Amino acid sequence: MTTTLTENPYSPPRTSVSGRRTEPVPSLEVWREDNFVVCPDGARLPDRCVICNRPSDGRPVQKTLSWHHPAIYLVVFVNLLIYAIVALAVRKKSRAQFSLCPQHRGRRNLGMWIGYGGFVLSVVAMVFGFTSSSRGVQQVIGVTGLVGVILTPLVGVLLSTVVRVKRIDAGRAHLKLGEPFTRSIPRG
Ligand SMILES: [Zn+2]
């Protein structure tokens, strides 16, 4: 004796409790195009370090990425303030969630400490060094502070940037990530 099933009992319900059609769950998958990982707005990258592909430390980072066309950088030569206003107006944004291993989390944190903490200390050293009437050690501190004001933001950005945005197109961010991680993502 055979029983004919008119409906697959394992299929997901087509109506919600309230009787309305269940909205399809949005796909949060990411894929690879050439050497870039394409990440739709709000997507979660696989829970592995986006630099070295090793297991994550379990604390994903939520970040809003922004990008504008590289030609906009030419406005810097006109005026830095005008560039800032134009860049804010035309930039495109996309949200992403990514993970890091303990080692690369440490490098990112160090970069942030140098970028923010080092910059503030450098400003203090510069003000102390150059406003002091006495010469010698104070002047050395002032010059050290001046060098620090220029270098700490650069070193900070270099160490703490883990996700580089190639472009954002229709809400999809094209990301330059670590090669081992990128190679682990299937092609789209
Ligand atoms: Zn890593």
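Shown above is the structure to which this text applies.
Think of each chain on its own: its residues are numbered from 1, step by step along the sequence as written. pLDDT decides what is reported in this predicted model: residues at 70 or higher carry local features, side-chain atom pairs at 80 or more are listed and counted, and totals for whole chains, interfaces and linings draw on all residues regardless.

### Here we look at the packing of helix α2 (residues 102-131) against helix α3 (residues 137-160)
Thinking step 1. Note on definitions: angles span 0 to 180 degrees between N-to-C directions of axes, and those axes are lines fitted to C-alpha atoms, for helices only across the stretch in contact. Secondary structure counts use DSSP, requiring at least four H or I residues in a row for a helix and at least two E residues in a row for a strand, with both numbered from the N terminus. Where α2 contacts α3, the axes come no closer than 7 Å and their chain directions differ by 160 degrees. Our classification of the angle between α2 and α3 gives roughly antiparallel. In this structure, α2 meets α3 at a crossing whose hand is left-handed. Relative orientations are named as follows: roughly parallel for angles under 35 degrees, roughly antiparallel for angles over 145 degrees, roughly perpendicular for angles from 65 to 115 degrees, and oblique for any other angle. Crossing handedness follows the turn of the near helix against the far one: under a right angle anticlockwise gives a left-handed crossing, and clockwise gives a right-handed one.

### Points about α2
Thinking step 1. Multiplying 1.5 Å by the residue count of a helix minus one yields the expected span of that helix. Over its 30 residues, α2 runs 42 Å from end to end, which matches the ideal 44 Å to within 8%, given 1.5 Å per residue.
Thinking step 2. Each residue is assigned a bend, namely the angle between axes fitted to the seven residues that terminate at it and the seven residues that start at it. Taken as a whole, α2 carries its principal kink of about 30 degrees at G118.
Thinking step 3. Think of it as a crowd count around each C-beta: if 20 or more other C-beta atoms lie within 10 Å the residue is buried, if 12 or fewer it is exposed, and in between it is partly exposed, with C-beta placed from the backbone throughout. Looking at α2, one finds that the buried residues are I114, S122 and A125.

### Some thoughts on the environment of P153
Thinking step 1. Relative to the assigned elements, P153 resides in helix α3.
Thinking step 2. For P153, a count of 16 C-beta atoms within 10 Å translates into the label partly exposed.
Thinking step 3. As a C-alpha pair, P153 and G115 span 38 residues in sequence and 4.6 Å in three-dimensional space.
Thinking step 4. Note on contacts: residues are paired as contacts if their backbone-placed C-beta atoms lie within 7 Å. Excluding its chain neighbours within four sequence positions, the residues that come into contact with P153 are G115 and F119.

### What about the sheet that holds strand β7 (residues 172-176)?
Thinking step 1. In short, DSSP must find at least two bridges between two strands for them to pair. Taken together, the four strands give an open sheet; going across it, the order is β1-β2-β7-β6, and neighbouring strands pair in antiparallel fashion. Because the sheet does not close on itself, it has two edges, and the strands there are β1 (31-33) and β6 (164-169). Strand-to-strand twist across the sheet, computed as the mean angle between neighbouring axes with direction ignored, equals 30 degrees.
Thinking step 2. With three bridges connecting them, β1 and strand β2 (residues 36-39) associate as antiparallel partners. Within β2, the residue paired with W31 across the bridge is V38.

### Observations concerning the nonpolar core
Thinking step 1. The biggest cluster of nonpolar side chains holds 19 residues, and the ones touching the most others in it are C39, L45 and V50.
Thinking step 2. Of all elements in the fold, only β2, β3 (43-49), β5 (92-99) and β7 reach the threshold of two or more residues within this core.
Thinking step 3. If near-sequence neighbours (up to four positions away) are discounted, L45 is found in contact with V30, C39, V50, A96, Q97, F98 and S99. The nonpolar core is taken to be a set of buried Ala, Val, Leu, Ile, Met, Phe, Trp, Tyr and Cys residues joined by way of C-beta atoms within 7 Å.

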